[in-house]
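# Survey of secondary and tertiary structure
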Amino acid sequence: MMRPLPQEAAGELLELLEELAAFSAPGPGVTRLLYTPEWCGAQHFLQERMAELGLEVRMDQVGNVYGRLAGAEPDGKVILTGSHIDTVMNGGRYDGAYGVAAAITALHYLRMIFGQPLRTLEVVSFCEEEGSRFPLTFWGSGNVTGLYKGSEAAGCLDAEGISLAEAMSACGLGNGSLAVPAAAASADTEGGRRLTGGALRSDIAAYVELHIEQGITLERSFRSIGVVQAIAGQRRYLVKVSGTANHAGTTPMGLRRDALAGAAELLLALERYAIAEGDPLVATAGRLEVYPGTPNVIPGEVQFTLDIRHSEAGALERFSSALLAEFAALSGRRGLALDVQPVLATLPSPMDQELCAALEDICRQQGMPYRSMVSGAGHDAQLFAPRCPAAMIFVPSRAGISHSPEEYTSPEDLAAGLEVLTAMLYRLAYTENGAAAT
Ligand SMILES: [Zn+2]
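Our subject in this report is the structure included herewith. What you are looking at is a predicted structure, and each value in this text was computed from that prediction instead of being measured. (Residues numbered from 1 in each chain as written. Predicted model: local features only at pLDDT ≥ 70, side-chain atom pairs only at ≥ 80, totals over all residues. Heavy atoms only, no water.)

### Looking at the coordination of the zinc ion
In plain terms, the rule: For Na, K and Ca the donor cut-off is 3.2 Å; for every other metal, N, O and S atoms count as donors within 2.8 Å. Water does not enter the count, which can leave sites looking incomplete. Only DSSP runs of H or I covering at least 4 residues are called helices, and only runs of E covering at least 2 are called strands; the numbering of each starts at the N terminus. When accessible area is computed with a 1.4 Å probe and restricted to protein chains, residues below 20% of their type maximum are described as buried, those above 50% as exposed, and intermediate ones as partly exposed.
Distances from the zinc ion to its protein donors, His84 (NE2), Asp95 (OD) and His211 (NE2), fall at 2.0 to 2.2 Å. Counting along the primary sequence, the residues that act as donors to the zinc ion give the motif H-x10-D-x115-H. Pair noted here: Asp95 is in the loop between β3 (78–84) and α3 (97–114) and His211 is in strand β7 (residues 204–212), with a separation of 116 residues, a long-range link. The pair Asp95 / His211 is uniform in exposure class, with both members buried.

Right, here's the structure in full:
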């Protein structure tokens, strides 16, 4: 079992987070949208930092940055760790950045203390995960795992009408030219050959991601570490309830087909069903539009969004079907028409059981208070889960707040996550048995 990290490792992590937070557009919190000057600055800064720490650096065609610590017994496979560098508008300094900064710090100390690993380790700073600038998510890990082909970039526009392809080429990406600064370029080789390949990879043996929880479960249970068992699957729908728009003054109550009163009944049923189902099921109607939306007209049509999440595919399916059947029954009773359009369906992503067991073992050995949990939020790890063993480590978010300048995790918890990540990478890359090692 590797010993705990020296005191200065946590300090180095905090400093790196501080430095990353400076790459932000003006305004509250951190705003680092994909392919903006702040984003370019952060990815260039990380390349230089990784090169200084002795990692082989490269940036792929979509702007994912890698830092590699080659193994002594290379089998062509890589143990990958990291997270995403982009943020939402006015987000915090930990979402994504923590996983990247901790991974860099972990590799730095592993190399310093134990030298060359048996198996190759790589840090990744994914270019995009949040979907904040362009109407797609997981652009970084999605290109690595084959969800995207890269060709989607031409037709995808941001709010200003700039295409993803144009934004990429403004950063020197996408055309075979790599935006690697001179300082890092010297390390950007493998056996003397420049790494200029595309984003798609088939050499990932395992993926481990450290991330803030973005919920209140860990804080409520006084645990420093969450071992994520699964990332919830999601169903999203657009629900349309149609009645008859008519004069608010001349239509008697008994003769109305009020779409909004009907929708209100559906939303109360949604809450009732979700509470009855219990954790980890969550269901939300986040946006409601009323037509014509005038004080003196009975609403003729209401549209609302429906977002349902659960960590088990069967339960997600059962709940969604039962709820939509109830929606149909309630609408029918009021003489309202109901139209439900599926918008998104992702399956739950179970994390690798052997890696989860190893993480729990590490927490026990280090005396770290931990708990198993489900992630209700999506993460890059869910794209790796179907392709290779994947694991996620959570640390607490104060008051469960994220995607906000108020996002905060204590230095003690940040250090705890770094310890567990480092010990996990040690097992995977430095021991003969990998995850099974004790
Ligand atoms: Zn994130």
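### Some words on the nonpolar core
As a reminder, the rule being used: The criterion is simple. A nonpolar core is a set of buried Ala, Val, Leu, Ile, Met, Phe, Trp, Tyr and Cys residues joined through side-chain atoms within 4.5 Å. Note on contacts: a residue pair is in contact if any heavy atoms of the two residues lie within 4.5 Å.
In terms of nonpolar packing, the biggest core is built from 96 residues, with Tyr35, Trp39, Tyr98 and Trp139 touching the most fellow members. Among the elements that make up this core, the one with the highest residue count is helix α12 (residues 411–430) (12 residues). With residues up to four places along the chain from it excluded, the contact list for Trp139 reads Leu34, Tyr35, Val62, Cys127, Glu128, Tyr148, Gly150, Glu152, Ala153, Leu164 and Met168. Counting residues in each nonpolar core, the second largest holds 21 residues, with Leu266, Leu306, Phe319 and Phe327 among its members.

### Focus on the packing of helix α1 (residues 7–21) against helix α2 (residues 37–52)
Basically, it comes down to this: Only the stretch in contact is used when a helix axis is fitted, and all axes are lines through C-alpha atoms; the angle between N-to-C directions ranges over 0 to 180 degrees. In this scheme, roughly parallel covers angles under 35 degrees and roughly antiparallel covers those over 145, while 65 to 115 is roughly perpendicular and the rest are oblique. In a left-handed crossing the near helix is turned counterclockwise from the far helix by less than a right angle, and in a right-handed crossing that turn is clockwise. Each residue gets one of three labels, nonpolar for Ala, Val, Leu, Ile, Met, Phe, Trp, Tyr, Cys and Pro, charged for Asp, Glu, Lys and Arg, and polar for the others, Gly among them.
Put simply, α1 and α2 touch, their axes get as near as 10 Å, and they point 150 degrees apart. Taken as axis vectors, α1 and α2 run roughly antiparallel relative to one another. Where α1 crosses over α2, the two elements pack in a sense that is right-handed. In this structure, α1 contributes Leu16, Glu19 and Leu20 to the contact, and α2 contributes Ala42, Phe45, Leu46 and Arg49. Classifying every residue of the contact of α1 with α2 gives 5 nonpolar, no polar and 2 charged.

### Here's the deal with the packing of aromatic side chains
Where we set the bar: Under the pairing criterion, centres of Phe, Tyr and Trp rings, with the six-membered ring standing for Trp, must be within 6.5 Å; the plane angle then separates stacked pairs below 30 degrees from edge-to-face pairs above 60, leaving the rest tilted.
Here the structure, examined in full by the defined rule, presents 11 aromatic pairs. Where Tyr35 meets Trp39, the ring centres are 5.0 Å apart and the plane angle is 80 degrees; that geometry is what we call edge-to-face. Considered together, Tyr35 and Trp39 belong to a single accessibility category, that of buried residues. Aromatic pair Phe114 and Tyr426: ring centres 4.7 Å apart, planes at 50 degrees, arrangement tilted.

### Details of the side chain of Arg49
On the secondary structure map, Arg49 appears in helix α2. For Arg49, a relative accessible area of 18% gives the class buried. Other than its neighbours up to four places away in sequence, Arg49 contacts Leu16 and Glu19.

### Here we look at the layout of surface pockets
Here is the rule we go by: Points on a 1 Å grid, built from protein atoms alone, make a cavity when a 1.4 Å probe fits but cannot get out and make a pocket when they are open with protein on both sides within 12 Å along at least 5 of 7 lines; residues with an atom within 4 Å of a point are the lining residues. Grid points are joined across faces, edges and corners, and a volume is the space filled by probe spheres set on the points.
In this model, the largest pocket occupies a volume close to 1,300 Å³. If you trace the largest pocket, you find 45 residues lining it, with Arg309, Ser375, Gly376, Ala377 and Gly378 closest to the centre. Top element by residues in the lining of the largest pocket is strand β17 (residues 370–375). It accounts for 5 residues. The residue makeup of the lining of the largest pocket, split by class, is 17 nonpolar, 18 polar and 10 charged. One number sums up the size of the second largest pocket: a volume of about 240 Å³. Val62, Asn143, Lys149, Gly150 and Met168 are, among the 18 residues lining the second largest pocket, the residues nearest its centre. If you tally residues by element for the lining of the second largest pocket, the top one is helix α5 (residues 164–170), at 3 residues.

### Some words on the pairing of strand β14 (residues 301–310)
In regular strands, side chains alternate between the two faces of the sheet. Selection criterion: Two strands qualify as a pair provided DSSP detects at least 2 bridges between them.
Among the 10 residues in β14, 8 count as buried, and that is most of the element. Sheet topology places strand β9 (residues 233–242) next to β14; 10 bridges connect them, and they run antiparallel. The residue of β14 that forms the bridge with Val241 is Val302. In the sheet, strand β11 (residues 282–284) pairs with β14 via 3 bridges, with the strands oriented antiparallel. Bridge pairing links Thr284 to Asp307 in β14. Inspection of the sheet shows strand β12 (residues 288–291) paired to β14 by 4 bridges, in the antiparallel sense. The residue of β14 that forms the bridge with Leu288 is Phe304.

### A closer look at the packing of α3 against α12
Between α3 and α12, the least distance of the axes is 9 Å, while the angle of their chain directions is 55 degrees. For the element pair α3 / α12, the angle class is oblique. Judged by the sense of rotation from one axis to the other, the crossing of α3 with α12 is right-handed. For the pair α3 and α12, the contacting residues are Tyr98, Ala102, Ala103, Thr105, Ala106, Leu107, Leu110, Arg111 and Phe114 in the first and Asp413, Leu414, Gly417, Leu418, Leu421, Thr422, Leu425, Tyr426 and Tyr430 in the second. Looking at the contact of α3 with α12, its residues break down into 13 nonpolar, 3 polar and 2 charged.

### Regarding the environment of Gly82
In this structure, Gly82 sits in strand β3. Judged by its relative accessible area of 0%, Gly82 falls in the buried class. Sequence separation between Gly82 and Ile104 is 22 residues, and the spatial gap between their C-alpha atoms is 8.1 Å. Apart from residues lying up to four places away in sequence, Gly82 is in contact with Gly99, Ala103, Val124, Tyr207, Val208, Glu209 and Leu210.

### Examining the environment of Asp60
Along the chain, the position of Asp60 falls in the loop between β1 (56–59) and β2 (65–69). Between the alpha carbons of Asp60 and Phe126 there is a distance of 10.0 Å; along the sequence they are 66 residues apart.

Any functional reading would require information that these geometric values do not contain.
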